[in-house]
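Chain and residue survey
One-letter residues, chain by chain:
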Amino acid sequence: MTVAIVGIGLIGGSLAISLKESGLATRVIGIDASQANLDKAVRRRLIDDDLPLAEGLEQANAIILATPMDAMLALLPKILDAIRPDQTLVDVGSTKEKLLEKVKDHPNRSRFVACHPMAGTEFSGPEAAVPNLFTGKTCVIVDAEDSAPDAVDMAKRIFGSAGMKFTHLGRSAHDLHCAYVSHISHIASFALALTVLEKEKDEQRIFELASSGFGSTVRLAKSSADMWVPIFRQNRDHVLDVLDEHIEQLSRFRTQLIKRDFAGFHARIERANQIEKILK
């Protein structure tokens, strides 16, 4: 099977590795607006060929759209315009409502399967692609009823070959839940990094004294603005909702510190500890 990957970054590149290692793809075509990215992908042998969009789409059995979200909004209708009935298109986007609304009436909508592989790192670009990124992680298939059954089967073959398990959600539920379990984590990490950079002017002290706990908490602050600003833009309302709740929780901790209510502080930390039962 020939797979075309549009957008050879962390997710697209890591999928290329998995598809080739599993044997599902005998040929991987890379398509990217950046020739530098394509050259890196060729050097790393993530892809077999790099081609222009139209030529790459023509030669593929399956197409994976793995660009940032704003580019995805523009490219998805164009790819659906060109797709054949024997081809399947999947995406890997972190938000779905605006994307799916864009193509809800497209005559080739059934050939598209909206997917969100819940995996990643704080790094970006083809140099960040790694094996086994998706192993044991969950892939969300969104609004599956709007996709042809054989297209859904192909999507499951693609992500299943990378070692993923599956769950199904509607578009609104997906975007809401992702705001709470993924998007807020990045905003909190960006904010904490900015707080430390603002208050601690001695970069050497940050380096020397930062513990592994601090490092893991601000790890996501290394994430690409080019990737995350479009996500926040497209999921703005849900992100605002969760951000308001996060600010409220911080405000309660602040109030308890002001009042020296350390018994209440203790109780709130113990309540937070309950997340261990879910994430163990």
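For the structure itself, look to the data block above.
A short tour of the structure in this document, coming up. (Residues numbered from 1 in each chain as written. Predicted model: local features only at pLDDT ≥ 70, side-chain atom pairs only at ≥ 80, totals over all residues. Heavy atoms only, no water.)

For the protein chain, the helix and strand inventory stands at 13 helices and eight strands. Relative to a compact globule of 280 residues, whose C-alpha radius of gyration would be 19 Å, the protein chain shows 21 Å and is just as compact. In terms of principal-axis extent, the alpha carbons of the protein chain reach across some 65 × 40 × 30 Å. Excluding contacts between residues fewer than 6 apart, the proportion of contacts in the protein chain whose partners are at least 24 apart in sequence is 73%. In the structure as shown, the protein chain presents an accessible area of about 14,800 Å², 55% of it carried by carbon and sulfur atoms. Charge separation in the protein chain, taken as the distance between the mean sites of 34 positive and 37 negative side-chain charges, equals 4 Å. (Helix = DSSP H or I, 4+ residues; strand = E, 2+ residues; numbered from the N terminus. Rg over C-alpha atoms; globule rule 2.2 N^0.38 Å. Contact = heavy atoms within 4.5 Å. Areas by Shrake-Rupley, 256 points an atom, 1.4 Å probe, with all protein chains shown as cover. Lys, Arg positive; Asp, Glu negative; His and termini not counted. Charge placed at Lys NZ, Arg CZ, Asp CG, Glu CD.)

On to helix 10 (residues 225–234). Three- or four-residue spacings in an α-helix give side chains the same orientation, since the helix completes a turn every 3.6 residues. Among all positions of helix 10, only W228, P230, I231, F232 and Q234 are buried. Buried positions along helix 10 lie against helix 4 (69–82), helix 5 (97–102), helix 7 (171–199) and helix 11 (236–258). A side-chain oxygen of the first residue of helix 10 lies 3.2 Å from the backbone nitrogen of D226; this N-cap is S224. (Buried < 20%, exposed > 50% of the residue type's maximum accessible area, 1.4 Å probe, protein only. Polar contact = N/O pair within 3.5 Å; in protein donor to acceptor, adjacent residues only side chain to side chain.)

If you look at the biggest cluster of nonpolar residues, it comprises 40 residues, and the most contacted ones within it are I64, I158 and F159. Broken down by secondary-structure element, the contributors of at least two residues to this core are strand 1 (2–6), helix 1 (10–22), helix 2 (35–43), strand 4 (62–65), strand 6 (112–117), strand 7 (138–142) and helix 6 (149–161). Leaving out residues up to four positions away in the same chain, F159 has contacts with L15, V90, D91, V92, C115, P117, C139, M164 and F166. (Core = buried A, V, L, I, M, F, W, Y, C linked by side-chain atoms within 4.5 Å.)

What follows concerns the pairing of strand 8 (residues 165–169). As paired elements, strand 7 and strand 8 share five bridges and run parallel to each other. From the neighbouring strand, V140 faces strand 8, where its bridge partner is T167. Following the backbone out of strand 7, through helix 6 and into the adjacent parallel strand 8, one traces a crossover that is right-handed. (Pairing = 2+ DSSP bridges. Right-handed = clockwise from strand over helix to strand, strands pointing away.)

The residue G12 is located in helix 1 in this model. When its relative accessible area of 0% is taken as the criterion, G12 is described as buried. Residues G12 and A60, 48 residues apart in the sequence, show an inter-C-alpha distance of 15 Å.

A few words now on the packing of helix 7 against helix 10. When two helices pack together, their arrangement is given by the angle between the helix axes and the distance between those axes. With their axes 11 Å apart at the nearest point, helix 7 and helix 10 run at an angle of 125° to one another. Regarding the angle of helix 7 to helix 10, the classification is oblique. When you trace helix 7 past helix 10, the crossing you get is left-handed. Contacts from S182, H183, H186, I187 and F190 of helix 7 reach helix 10 at W228, I231 and F232. Classifying every residue of the contact of helix 7 with helix 10 by side-chain character gives five nonpolar, three polar and no charged. (Axes fitted to C-alpha atoms, helices over the stretch in contact; angles between N-to-C directions. Parallel < 35°, antiparallel > 145°, perpendicular 65-115°, else oblique. Left-handed = near helix turned anticlockwise from the far one by under 90°. Nonpolar A, V, L, I, M, F, W, Y, C, P; charged D, E, K, R; others polar.)

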